[in-house]
Structures are given as structure tokens and as C-alpha cells.
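# An overview of the molecular structure
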Amino acid sequence: MKILHTADWHLGKRLDRFSRLEEQIPVMEEIISIADEEQVDLVIVAGDLFDNFNPGVEAVELFYKTLKRLSLSGKRPVIAISGNHDSPNLINAPDPLARECGIILIGHPKAEIAPFQTAFFSIKNSAAGFIELEIKNVGFPVRILHTPYANEIRLKEYFGENKEEEINKVLSQTWKELADRFCDTSGVNLLTAHLYMNKRGAEILEEPEGEKPIKIGNADLIYSDSIPNQIQYTALGHLHGFQNIGTAEKPVVYSSSPLCYSFSESGQTKYVSIIDAQPEKPVSYEKKALKSGRALVRKTFTTIENCVQWLRENPDTFIELTLESETFLTADERRLIYQSHTGIVHLIPRVKNKECTEQQNLEINLNQNIESLFKDYFKSKNGGQEANDDLMKLFNEILNA
């Protein structure tokens, strides 16, 4: 059988003042096209379906339409779990209707999915944190251990007060009990989770910049050796770069987000994972690149001319722009830069001043009038650089508004 693994859609995401929804529509189309071209039998979406607990109407509509098309209107099972950006109750809410379309939505850890049957597949067995599917034209059962993200309150509810000490032990024990009970060699055995997971002793993996962190110290770090031996492929969500922290024989894969969502991801190619699986044999997987979306770029320039030229030559980007110069940017220079490009997310002026060093301490006379005080404050915060006339004009406009 073939399985498509994707995660971290973050529908409704914004990059500062820029909405990413216009890019998310075509990248969802890409994922649907790959699922159809590869003729996958099952789709797994491993959490962070939305970017916040209260997504907008357009994001919710895109989510439902995408899942419905991925499910081929009920012919192909789709399993989607909640992540740390999702409201579990919101994910669970449409479950009765979703089932009619072959979609299984799982919001809470230890959720027990009521068995149901469509013309194309059925849930044969179900327990807290586990489902077993029988899919038409797939000659063996598919077992899935599922662990959506649990916040601090739910961690204590599910794993006890000493969750820092217990979470690895409890997850390992829970997964092992389910695997020993249900996952024999007559079927395909999978695990999907939205957790911060890493290989024991490996370098700490960085969480996405600007994202809600899961790992606080090492308290919420789950080790991959907690995964039962019976599991052939683990479909993870949370980290936005594609990587396998398991082995070639038993992959433990972060499939990546479908778009670059922070400047720490600039230059990354995004993927979905296509898995070939059968009972009692190692799986194989292939990462399929996604091509939609604007590139995120960090650039530094030392002249306005070079900066403007690059901006005009690269319109289809979001940019974090640093401009190093001898003097503070004038209002006209700022205006020219912003008129040259519609995707400037951050403009960071960096003033070079050879006469003033960081070691120099500037004394500020607090008995001055407000305008002189602002000039001294600005000078102290910008390496001795004087506030220019445009800045002082703006300051006085604000002061007298």
C-alpha cells in the first residue's frame, strides 16, 4: 500500500502583516495532486492543521475542502490529528460529518474512535490511542497508534503530575501495550504523533522560529527509542524541516511544513512523504518536493542602489532586509525601498559609525526639553548617530498630534 504523510499546514498563517492564505490554496492543490498521482491508499496529517485556536472562516473552509478532496469524497481514508497550534475541540467538532467523507479527526490524546464503516473502508478495532483500518483493495489491516499534542493541563490529566519524569515512560508503556495487543506481523503498523521527538544522545533539533515551543528545557522531549519495535513508520509533526530521526529500516519522519513560515526556514525545500508499506517488511519512503509559495529571503546591502535593484529583480519573495550605511535612512530612502517591493516584512537599518564605539558611555541630561532629550536618547541607542531632520520632524508630529 501507499501512504501520504504531511504535517504543519498552519492554515491561516500570517507573516507579520502578510497573510499566507493565497499561497496555501495552491500548495494544498499540490498535495492533493500528489496524492492522486501516486494513488495513495491513506493520508496522514500529523498536526498543526491551523495556525491558531480560532482560525478564520477562509482557513477553516480551505481545511475542510482539502480533506474532502484528499479523501476522494470518502473513497480514501484521511487521518488528521491536532497539534500544539490547534484547538482539540475544534478539530473534533465536525467528526460525525467528516466520517461520511472518510475523514478521521483526532483532537485529544488517548481518544477512542468509535468504529464505523463506509463502502471503501472500516475501523475494525479501536482503543484509546489506536485504530485498525481495513481498506478496500488493500489485502491486510492497517494499524495506527495516534498521539495528538497535549498541553500542560492535558499532560497532567493523561500522564500524571510528574510529567517531566513520567512522559517518556508513560508514552513508551502506552505505545508498547497497544503494539503488543494489536500490531502483529499480518498488517502494516504505523504511529503518528505531534510531539517534540529526537534520537537519544543526538544534537538538539531547533524548533521553528516564531512558533509556539513544545520543548521547555528537556521536560517535553520524547526520545525515539520509546517507539515500539513493531512500528514500521512514524509520521511526526511539529518541526518544519524534512528529516528522518529514525533509521532507514524504521523511519521516524518529520515531513516538513508545506511552506516556509519563518525566516529561519529560508532556503528550505518543503516536502510530503510517500511511503510504500507491506506487512513484515521494512517500508520505503520518498520525499516529494512542493513548489508553491513565495521564497523567504534574508539579505544585507550596503548601498540603496544595490538594494533597490535586487528588490525589483526579485518581486516574488518575502524579505527580511538589513541595510548597512554610514547614516540613518532618510524618509525618501525608506519610501524608495518600500515602493520597490511589496514583500518587505522587516527593514533593519544598521548604522556604521567609526567615531563612536560601544565602549563609549554617553551621559544624558534629564533636565533638557523633550526634543533635546529625544536626540540624546536616540544617539545613545544608535552608536552615537545623530537623529536627522526627517526623524525629528516625525517626532514633533507625534508629539503635537
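It should be noted that the structure appears before, not after, this text.
Quick summary incoming for the structure in this document. (Residues numbered from 1 in each chain as written. Predicted model: local features only at pLDDT ≥ 70, side-chain atom pairs only at ≥ 80, totals over all residues. Heavy atoms only, no water.)

Regarding its fold elements, the protein chain presents 10 helices and 20 strands. Taking all 401 residues of the protein chain together, 54% fall into the buried category. Taking the contacts inside the protein chain whose residues are at least 6 apart along the sequence as the reference set, 66% of them involve residues at least 24 apart. For the protein chain, the accessible area works out to roughly 19200 Å², and carbon and sulfur atoms hold 47% of it. (Helix = DSSP H or I, 4+ residues; strand = E, 2+ residues; numbered from the N terminus. Buried < 20%, exposed > 50% of the residue type's maximum accessible area, 1.4 Å probe, protein only. Contact = heavy atoms within 4.5 Å. Areas by Shrake-Rupley, 256 points an atom, 1.4 Å probe, with all protein chains shown as cover.)

With that out of the way, let us pick up helix H9 (residues 370-381). With 12 residues, H9 ought to run about 16 Å at 1.5 Å a step, and its terminal C-alpha atoms sit 16 Å apart, in line with that. N-capping of H9 is provided by asparagine 369, with a side-chain oxygen placed 3.2 Å from the backbone N of glutamate 371. (Expected span 1.5 Å × (residues − 1). Polar contact = N/O pair within 3.5 Å; in protein donor to acceptor, adjacent residues only side chain to side chain.)

A word on the packing of helix H1 (residues 21-37) against helix H2 (residues 57-70). Where H1 contacts H2, the axes come no closer than 10 Å and their chain directions differ by 10°. By the angle between their directions, the pair H1 and H2 is classed as roughly parallel. Residues Leu21, Gln24, Ile25, Met28, Glu29, Ile31, Ile32 and Ala35 of H1 form the contact with H2, whose own contacting residues are Glu58, Ala59, Leu62, Thr66, Arg69 and Leu70. When grouped by side-chain class, the residues that make up the contact of H1 with H2 number nine nonpolar, two polar and three charged. (Axes fitted to C-alpha atoms, helices over the stretch in contact; angles between N-to-C directions. Parallel < 35°, antiparallel > 145°, perpendicular 65-115°, else oblique. Nonpolar A, V, L, I, M, F, W, Y, C, P; charged D, E, K, R; others polar.)

Two strands pair when backbone bridges link them, and strand E18 (residues 295-301) and strand E19 (residues 317-325) are joined in this way by seven bridges, in the parallel orientation. Across the sheet, alanine 295 pairs through a bridge with threonine 317, a residue of E19. Where the polypeptide runs from E18 across helix H7 (residues 304-313) and back to E19, its parallel neighbour, the crossover connection is right-handed. (Pairing = 2+ DSSP bridges. Right-handed = clockwise from strand over helix to strand, strands pointing away.)

Next up on the list: the pattern of salt bridges. Applying the stated rule across the entire model yields 20 salt bridges. The residue glutamate 320 makes a salt bridge to arginine 298 at a minimum N-O spacing of 2.8 Å. Of this pair, glutamate 320 sits in strand E19 while arginine 298 sits in strand E18; the two residues are 22 residues apart in sequence, bridging distant segments of the chain. Because the salt bridges share partners, they merge into one network encompassing Lys2, Glu38, Glu286 and Lys288. (Salt bridge = Lys/Arg side-chain N within 4 Å of Asp/Glu carboxyl O.)

Moving on, we get to the packing of H9 against helix H10 (residues 389-399). Direction vectors running N to C along H9 and H10 enclose 130°, while the axes themselves pass 11 Å from each other. Looking at the two axes, H9 sits oblique to H10. Taken as a pair, H9 and H10 cross one another with a handedness that is right-handed. Facing H9, whose interface residues are Ile370, Glu371, Phe374, Lys375 and Phe378, H10 presents Leu391, Met392, Phe395, Asn396 and Leu399. A class-by-class count of the residues in the contact of H9 with H10 yields seven nonpolar, one polar and two charged. (Left-handed = near helix turned anticlockwise from the far one by under 90°.)

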